[in-house]
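# Understanding the architecture of this molecule
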Amino acid sequence: RLEKMFNTKRSHLCIGLDFDLDKMIVPNVKDLHSLESFIKDVIDSTIDLCAAYKPNFAFYEKHGPSGMKLLENIVSHINKRSIVIADAKRGDIGNTCINYAKSIFGYYDFDAITISPYMGSDSITPFIEDSKKGVYLLCLTSNKSAIDFQYKFSDNSYLYEDVANLAVSLNNNNIGLVVGATKKEEIRKIREIAPSLTWLVPGIGAQGGDLEESVTISNTGLGSGIINVSRGIIYAGKQSLDDICNAAIDYNKQINQFLDYNE
Ligand code: OMP
């Protein structure tokens with residue numbers, strides 16, 4: 001389905017739906033109710049411009065049950081018109097993850113989820129049993145503190161390389177990697193380890209990641225990459241629908257200039 005979205009929409013863009021009420025300057029958006037209509041309008045205006053949306057759970061969970069209801073309504077509003085990735089970064093013992101999978105894939109009906117893989121393979125397998133649902137394992141994250149653990153070296157490899165290897169060994173056409181756009185030096189190496197996995201690449205825009213390198217390396221050979229932009233799109237200009245749409249159009253163009261199907 002992701003490949004189909006890439007091709008039919010001619011877009012490798014993922015719009016991060018990380019709306020924060022405290023940062024909204026749109027005059028009529030001041031509570032969750034008005035935010036919901038605004039997000040739905042944003043989705044309807046950008047649906048043809050992106051292959052996926054990625055709401056990060058933090059921005060919804062902080063409002064308690066009404067925030068989670070908003071999240072649920074967003075997934076059903078998208079209604080399979082784009083891939084929806086739950087940025088929930090789950091990871092726990094297998095028995096617990098079975099229930100996380102039931103929540104994210106069963107109850108909320110997300111298409112994919114981000115996973116923290118550091119508890120090992122039994123924390124991942126409950127999420128990959130349904131081949132129609134996808135997981136993105138945190139491999140090399142975009143933040144500065146990624147260096148605290150992800151660059152630990154043992155048995156001749158870095159921890160992020162071990163994650164990429166594990167993803168390759170478990171893959172049943174539904175595992176991808178999260179690779180930060182800010183990690184320009186390392187992304188080629190990760191592509192060599194996992195030549196055909198799909199990547200979710202955050203860190204473009206507000207975090208200053210490298211777009212050309214992210215697009216070209218993630219989409220090398222059999223691999224593919226989806227480029228996430230959250231603040232760089234949803235807070236563009238005066239946050240009007242036009243400003244948001246134009247930012248999405250612009251990012252899409254910038255991404256497509258590095259892809260083969262660009263005319
Ligand atoms: P912006 O920096 O506003 O584009 O947001 C980036 C989004 O991607 C946020 O939802 C982050 O939580 C998420 N993210 C990262 O920024 N870095 C990572 O390494 C991984 C993620 C993620 O898993 O999506």
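If you're wondering where the values come from, they're calculated on a predicted model, not measured in any experiment. (Residues numbered from 1 in each chain as written. Predicted model: local features only at pLDDT ≥ 70, side-chain atom pairs only at ≥ 80, totals over all residues. Heavy atoms only, no water.)

### As for the state of the cysteines
Think of a disulfide as a covalent bridge from one cysteine sulfur atom to another cysteine sulfur atom. Here the structure, examined in full by the defined rule, presents zero disulfides. Not part of a disulfide, C50 finds its nearest cysteine sulfur in C14, a span of 7.3 Å. Classification of C50 by relative accessible area gives buried; the value is 0%. C139 takes part in no disulfide bond, and the closest cysteine sulfur, belonging to C14, lies 18 Å away. (Disulfide = S-S within 2.5 Å. Buried < 20%, exposed > 50% of the residue type's maximum accessible area, 1.4 Å probe, protein only.)

### Regarding the sheet that holds strand β10 (residues 224–229)
Sheet strands associate in pairs through backbone hydrogen bonding, adopting either a parallel or an antiparallel arrangement. Strands sit in the order β1-β2-β3-β4-β5-β8-β9-β10 around a closed barrel of eight strands; the barrel is parallel. Taking each pair of neighbouring strands and ignoring which way they run, the sheet shows an average axis angle of 30°. As paired strands, strand β3 (residues 83–90) and strand β4 (residues 112–115) are joined by three bridges and run parallel to one another. For I85, the partnering residue across the bridge sits in β4 and is A112. Strands β9 (198–201) and β10 of the sheet are contacted by helix α10 (residues 211–218), whose axis makes an angle of about 150° with β10. (Pairing = 2+ DSSP bridges. Helix = DSSP H or I, 4+ residues; strand = E, 2+ residues; numbered from the N terminus. Axes fitted to C-alpha atoms, helices over the stretch in contact; angles between N-to-C directions. Contact = heavy atoms within 4.5 Å.)

### Notes on the packing of helix α2 (residues 32–46) against helix α4 (residues 65–78)
Between α2 and α4, the shortest axis-to-axis distance is 10 Å and the interhelical angle comes to 20°. Put simply, α2 runs roughly parallel to α4. Of the two possible hands of crossing, α2 and α4 adopt the one that is right-handed. Facing L32, L35, E36, I39, K40, I43 and D44 of α2, the residues of α4 in contact are S66, G67, L70, N73, I74, H77 and I78. A per-class count over the contact of α2 with α4 returns seven nonpolar, four polar and three charged. (Parallel < 35°, antiparallel > 145°, perpendicular 65-115°, else oblique. Left-handed = near helix turned anticlockwise from the far one by under 90°. Nonpolar A, V, L, I, M, F, W, Y, C, P; charged D, E, K, R; others polar.)

### Observations regarding the side chain of H12
The residue H12 is located in the loop between α1 (2–9) and β1 (13–16) in this model. The class for H12 is buried, based on a relative accessible area of 6%. A distance of 3.2 Å separates a polar atom in the side chain of H12 from a polar atom in the side chain of N219. One polar contact links the side chain of H12 to the main-chain carbonyl oxygen of G225, over a distance of 2.8 Å. (Polar contact = N/O pair within 3.5 Å; in protein donor to acceptor, adjacent residues only side chain to side chain.)

### Regarding helix α12 (residues 241–256)
Between its first and last C-alpha, α12 extends 22 Å over 16 residues, near the 22 Å set by a 1.5 Å rise per residue. When we look at burial in α12, the residues that qualify are I244, C245, A247, A248, Y251, N252, I255 and N256. Along α12, the residues classed as buried sweep out an arc of 160° about the axis, all on the same side. Away from its buried face by more than 90 degrees, α12 exposes D242 and K253. (Expected span 1.5 Å × (residues − 1). Arc of directions from axis to C-beta.)

### So, α2
With 15 residues, α2 should reach 21 Å at 1.5 Å per residue; the first-to-last C-alpha distance of 21 Å fits that figure. Where α2 is concerned, the buried positions are L32, S34, L35, E36, F38, I39, V42, I43 and T46. Of the surrounding elements, those touching the buried residues of α2 are β1, β2 (52–54), α3 (58–61), α4 and α12.

### Quick word on the side chain of N252
Following the sequence through the fold, N252 ends up in helix α12. In this structure N252 comes out as buried when scored by relative accessible area, which is 8%. A polar contact of 3.2 Å, which involves the side chain of N252, links it to the backbone oxygen of L49. Beyond its immediate chain neighbours, meaning those up to four positions away, N252 contacts R10, S11, H12, L13 and L49.

### Here we look at the layout of surface pockets
Space inside the largest pocket adds up to approximately 520 Å³. Lining the largest pocket are 22 residues, with R1, L2, N173, N174 and T198 positioned closest to its centre. The set of elements that each furnish at least two residues to the lining of the largest pocket consists of α1, β5 (134–140) and β8 (175–179). With three residues, β5 is the largest single contributor of residues to the lining of the largest pocket. Looking at side-chain class alone, the lining of the largest pocket contains eight nonpolar, nine polar and five charged residues. Roughly 420 Å³ of volume is contained in the second largest pocket. Around the second largest pocket, the lining comprises 26 residues; the ones closest to its centre are D18, K54, S142, P202 and Q207. Going through the elements one at a time, β3, β10 and α11 (231–234) are the ones with two or more residues in the lining of the second largest pocket. The class makeup of the residues in the lining of the second largest pocket is nine nonpolar, eleven polar and six charged. (1 Å grid on protein atoms, 1.4 Å probe; cavity = no way out; pocket = protein on both sides within 12 Å on 5 of 7 lines; lining within 4 Å. Points joined across faces, edges and corners; volume = space filled by probe spheres on them.)

### Examining the site of the ligand
Taken together, 17 residues form the shell around the ligand, and within it D18, K54, S142, Q207 and R231 come nearest. Measuring from an oxygen atom of the ligand, one finds a side-chain N or O atom of N56 at 3.0 Å. One nitrogen or oxygen atom from the side chain of Q207 is found 2.8 Å from an oxygen atom belonging to the ligand. Summarising the interface, the protein chains cover 89% of the accessible area of the ligand, which totals 510 Å² for the free molecule. The cavity where the ligand resides is the second largest pocket. For the shell around the ligand, the secondary structure elements donating two or more residues are β3 and β10. Along the lines of polarity and charge, the residues of the shell around the ligand split into five nonpolar, seven polar and five charged. (Near = heavy atom within 4 Å. Areas by Shrake-Rupley, 256 points an atom, 1.4 Å probe, with all protein chains shown as cover. Sits in = over half its atoms within 2 Å of the grid points.)

Limitation: the analysis is restricted to geometry and does not speak to function.
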